[in-house]
Amino acid sequence: MTEYLNRWLAAGTITPAQHQALGALLRRERLSIFIELNALLYIGVLSFVAGLAWTASTYSEQWGDAAILVPATAVVCGCFYYCFSRGAPFSTGETPARALVFDYVLYLGCLVFGFELGYVEYRFNLLQGQWDYYLLASAILYFALAYRFDNRFVLSLGIGTLGGWFGVRVSHAAFVGSVLRVPALAYGTIVGLAGTALHAREVKRHFTETYLHVAANIVLATLLSGVFDAPAMSVWFAGLVLASAAAIAGGVRARRFAFVVYGTVYGYVGVSRELLRALPGVTATMYYFVVSAGLVILGLVVLSQRFGREE
Amino acid sequence: MSRYTDDEEDRMHLQRSVKAWGRSGLLHGDQASQLQTELQVDLRRTGIMLRLGLALFTTILASATVLLAWVSLGVSNESATGVLALIMGGLSFWAADALVARFRLYRYGVEEALVIASVGLCGVGVAMVGNSMFHLHDSTAMTLALAAAAAASGYAYQRFGLQYAGVAAIVCVALIPILFDGPSEPVRRSLAALIFLAAAVTTGAMAARTSHEVRRDDGFMLRAAAVVGLYLALNLEIAAGPFDRYGRTLDAWFTWTTYALIWIIPALALWRGVASRDRKLILAGLGLAIATLITNKPYLGLPRQTWDPMLFGLLLMVVAVVLRRWLASGAGGERGGFTGERILHTDADALRLVSLATAAIHLETHRPAPAPAPSSPQFGGGRSGGAGAGGEF
């Protein structure tokens, strides 16, 4: 393949400096182990927090609360001090981390902070019935830190913790199962709207996709569960069809084909569920799958030929 | 004979590279567009998400077609079902081949799903036909199925260049000795390991010999997969499942030999990966080294301590930091061409995917909390976004 590079250099399409840089990459003379280092740090952080939690659950009685909380607090303070003292100034745009470990130090601090909150509530029961406000407060803190330091992992933590708060609030109700759907829809909608609003205000636009992936999956999965639980065609089905269509249309317009696939798959499962109620026997069901899957493939092929290469 | 020429595959590979170089600022936008135009071939491809979607629905279509044929033809006995599976497997492969020939598909999802279906159907078909004709023992029927699947996968790799088909062929062949009834566990493990070792050596030689980057990349991928297989065949703590039914009475010499090998293999993989500048082998070596650290205590019969994961995590973090600093302290922030800096934007994409997966993990841990127990903490049942504030510490 270096022949192509030589040809491009001779034709003046690329400069000698580019020829040298790209040739080194093609010949593997220059190799980045950026991903490998990140993998070590990510697994390291998760493993550390898991070990901390396991140790606390096993030895808190024997060692006492101070033996757990003092070192954990020291870790949190150390992590946050490091981040605030070395972090780049806030910017609404993308801010590269100043060091490889920076993002993971913040993530570690947030995870240990979450662990401490849980530990304190279990041991001292400070907020009693209102303990779920810990979740809301920690979610707000995680969002603030994610935006302050441009950290995707902490953003994911914040989104997940907010989801936990929605779920826990509802769990106070008597019937948890289907009652969770409306809050889940509210959660998905809020996450989606928040991501869109921040995108429109040009605040950390590279975070938008994280919001939208979570929102799309939560909303579509919730509507689909409603379709499966309903004894006949219901408002959940109408909602699913509309949401799937919106995901497909939005995905095509933004050239984000993950959303096209989300809309297609969730929509297909929901529509199949409704149609299969009426279909008699195995043969008719198989015919349905042959025809419907063929049609979906045709649609995706058309889409792929028109837009898919830009993905 | 492959459906794609080496030049076509080289151009496709370069197209991806040019796109990555353009996104990483190594080429200007107009340069990247110009080079992309020059590299055009008549192959049809699509993005990863549509490819996955197409593969999913093709799998549904293929499965429904097979079941429809089975139901419509009123096939009931084993031999007829086996023959039908073989016919459908052959048709599936033919359809994939015809689609590639007619529409020039390249990693399009549709032909890939058809190939995977044909491999599965051929394996099942051969096993059922063999069983009905010769009343085989279960393990013999499975051996036939694996052999057929290996042959079909190997041919699919030759025909379409699908790396995972090549990996599947190696794995299927290596699993055959594990199914043998007669030999002891050490013999069966050793045979499987020898097959993986032979595959690693052969594919490594293939990568070293070829002048085409795509073939070299194939060789690297197959070698890394074979090394992982070799390790799994020898690590008694990870791959114990298939051997449990025989009862485990292992001689000490075998246990200690495998113990030595699970340390040696990751070290060799890392060393060869660095020497041959093969990032896949480096990654495999890294993963295997982590697996060795995790299984070390059970291997030695030592009890796990609750703080082991903390020490393990600290070790990984220290290794990453020291390695990064060591590389950065070299001339130009590199040592021997290796750098800890991000060069291509594709690496940032990979991290973005990890962060998305992280969101899914944190969402997964939501459950209502149990009632607190003031005197004795019961850490069961998560309740937060996975930050450790959950009950299952």
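What counts, and where the lines are drawn
- Residues numbered from 1 in each chain as written.
- Chains lettered and ligands numbered in written order.
- Predicted model: local features only at pLDDT ≥ 70, side-chain atom pairs only at ≥ 80, totals over all residues.
- Helix = DSSP H or I, 4+ residues; strand = E, 2+ residues; numbered from the N terminus.
- Rg over C-alpha atoms; globule rule 2.2 N^0.38 Å.
- Buried ≥ 20, exposed ≤ 12 C-beta atoms within 10 Å, placed from the backbone.
- Contact = placed C-beta atoms within 7 Å.
- Domains from an automatic or database assignment.
- Nonpolar A, V, L, I, M, F, W, Y, C, P; charged D, E, K, R; others polar.
- Pairing = 2+ DSSP bridges.
- pLDDT = per-residue confidence, 0-100.
- Axes fitted to C-alpha atoms, helices over the stretch in contact; angles between N-to-C directions.
- Parallel < 35°, antiparallel > 145°, perpendicular 65-115°, else oblique.
- Left-handed = near helix turned anticlockwise from the far one by under 90°.
- Expected span 1.5 Å × (residues − 1).
- Arc of directions from axis to C-beta.

Caption draft 1: A look at the overall build of chain A. On a plain count of helices and strands, chain A comes out with 12 helices and 1 strand. The secondary structure elements of chain A, listed N-terminal to C-terminal, are α-α-β-α-α-α-α-α-α-α-α-α-α. Computed over the C-alpha atoms, the radius of gyration of chain A is 25 Å, more than 25% above the 19 Å expected from 2.2 N^0.38 for a compact globule of 311 residues. For chain A, the spread of C-alpha atoms along the three principal axes comes to 70 × 65 × 40 Å. Put simply, chain A has 311 residues, and 44% of those count as buried. Taking contacts inside chain A between residues at least 6 apart in sequence as the whole, the part at least 24 apart equals 55%.

Caption draft 2: Geometry of the overall build of chain B. Counting secondary structure elements, chain B contains 13 helices and 2 strands. Per-residue burial over chain B gives 41% buried out of 393 residues. In chain B, once contacts between residues fewer than 6 apart in sequence are set aside, the share between residues at least 24 apart is 57%.

Caption draft 3: Fine view of the domain arrangement of chain B. Residues and elements named next belong to chain B. Looking at chain B, the domain boundaries give domain 1 (1-43), domain 2 (45-181) and domain 3 (183-304). The C-alpha centroid of domain 3 is placed 27 Å from the C-alpha centroid of domain 2. Facing the 12 residues of domain 2 at the interface are 15 residues of domain 3.

Caption draft 4: Looking closely at the interface of chain A and chain B. Of the residues lining the interface, 95 residues belong to chain A; the matching set on chain B comes to 85 residues. Split into classes, the residues belonging to the side of chain A that touches chain B amount to 56 nonpolar, 29 polar and 10 charged. Relative to strand 2 (residues 338-339) of chain B, strand 1 (residues 31-32) of chain A runs parallel, the two being bridged by 2 bridges. Residue pairing for strand 2 of chain B: Ser32 of chain A is matched across the bridge by Thr339 of chain B.

Caption draft 5: The arrangement of the domain arrangement of chain A in detail. For chain A, the assigned domains are domain 1 (1-31), domain 2 (33-151) and domain 3 (173-311). Each of domain 1 of chain A and domain 2 of chain A has a C-alpha centre, and the two are 44 Å apart.

Caption draft 6: Representation of unusual backbone geometry in the model. Residues and elements named next belong to chain A. Its identity as a non-glycine residue notwithstanding, Arg28 has a phi of 60°, on the positive side. Relative to the assigned elements, Arg28 resides in the loop between helix 2 (16-26) and strand 1. Under the C-beta neighbour-count criterion, Arg28 is labelled partly exposed, with 15 such atoms within 10 Å. Backbone geometry places Arg255, a non-glycine residue, at a positive phi of 60°. In this structure, Arg255 sits in the loop between helix 10 (235-254) and helix 11 (257-278).

Caption draft 7: Representation of the confidence of the model for chain A. Of the residues in chain A, 95% have a pLDDT of 70 or more, and the chain-wide mean is 90. Low pLDDT, under 50, characterises residues 171-176 of chain A; the predicted model gives this stretch 5 contacts beyond four residues in sequence or across chains.

Caption draft 8: Spotlight on the sheet that holds strand 1 (residues 334-335) of chain B. Taken in spatial order, the 3 strands make up an open sheet running 1(A)-2(B)-1(B), and their pairing is mixed. Looking along the sheet, the strands with just one partner apiece sit at the ends: strand 1 of chain A together with strand 1 of chain B.

Caption draft 9: How the structure looks around the environment of Leu35 of chain B. Counting through the fold element by element, Leu35 of chain B comes out in helix 2 (residues 29-38). Once the C-alpha coordinates of Leu35 of chain B and Met49 of chain B are considered, the two residues, 14 residues apart in sequence, prove to be 25 Å apart.

Caption draft 10: Region of interest: the packing of helix 1 (residues 6-23) of chain B against helix 2 of chain B. Residues and elements named next belong to chain B. Where helix 1 meets helix 2, the closest approach of the two axes is 9 Å, and the angle between their N-to-C directions is 175°. Viewed along their axes, helix 1 and helix 2 adopt a mutual orientation that is roughly antiparallel. Facing Gln15, Val18, Lys19, Trp21 and Gly22 of helix 1, the residues of helix 2 in contact are Gly29, Ala32, Leu35 and Gln36. When its residues are assigned to classes, the contact of helix 1 with helix 2 shows 4 nonpolar, 4 polar and 1 charged.

Caption draft 11: Inspection of the packing of helix 5 (residues 110-134) of chain B against helix 6 (residues 138-160) of chain B at higher detail. All names here are of chain B. Running from N to C, helix 5 and helix 6 point in directions that differ by 150°, and their axes come no closer than 8 Å. As judged from the angle between their axes, helix 5 and helix 6 are roughly antiparallel. In the packing of helix 5 onto helix 6, the handedness of the crossing is right-handed. Between helix 5, through Glu111, Val115, Ser118, Val119, Cys122, Gly123, Val124, Val126, Ala127, Gly130 and Asn131, and helix 6, the contact on the second element is made entirely by Ala141, Met142, Leu144, Ala145, Leu146, Ala148, Ala149, Ala152, Ser153, Ala156 and Phe160.

Caption draft 12: Quick look at the environment of Leu300 of chain B. Residues and elements named next belong to chain B. One can find Leu300 in helix 11 (residues 279-300). A count of 9 C-beta atoms within 10 Å places Leu300 in the exposed class. Sequence spacing of Leu300 and Glu237 is 63 residues, and the spatial spacing of their C-alpha atoms is 10 Å.

Caption draft 13: Local environment of the confidence of the model for chain B. Residues and elements named next belong to chain B. Predicted confidence across chain B gives a mean pLDDT of 87, with 90% of residues reaching 70 or more. Looking at the elements of chain B, mean pLDDT is at its lowest for helix 13 (residues 345-364), recorded as 83, and at its highest for helix 12 (residues 308-328), recorded as 96. Residue range residues 366-393 is modelled with pLDDT below 50. Its contacts to residues more than four positions away, or to other chains, number 96 contacts. The ipTM for the predicted assembly is 0.89, set against a pTM of 0.88.

Caption draft 14: The arrangement of helix 8 (residues 181-200) of chain A in detail. Residues and elements named next belong to chain A. With 20 residues, helix 8 should cover 28 Å at 1.5 Å per step; its first-to-last C-alpha distance of 28 Å lies within 8% of that length. Within helix 8, burial applies to Ala184, Tyr187, Gly188, Val191 and Gly195. Looking straight down helix 8, one finds its buried side chains confined to an arc of 95°; they lie on one side. Structural note: helix 8 exposes Val182, Leu193, Ala197 and Ala200 on the side pointing more than 90 degrees away from its buried face. Positioned one or two residues after helix 8, Glu202 has a phi angle of 60°, which is positive.

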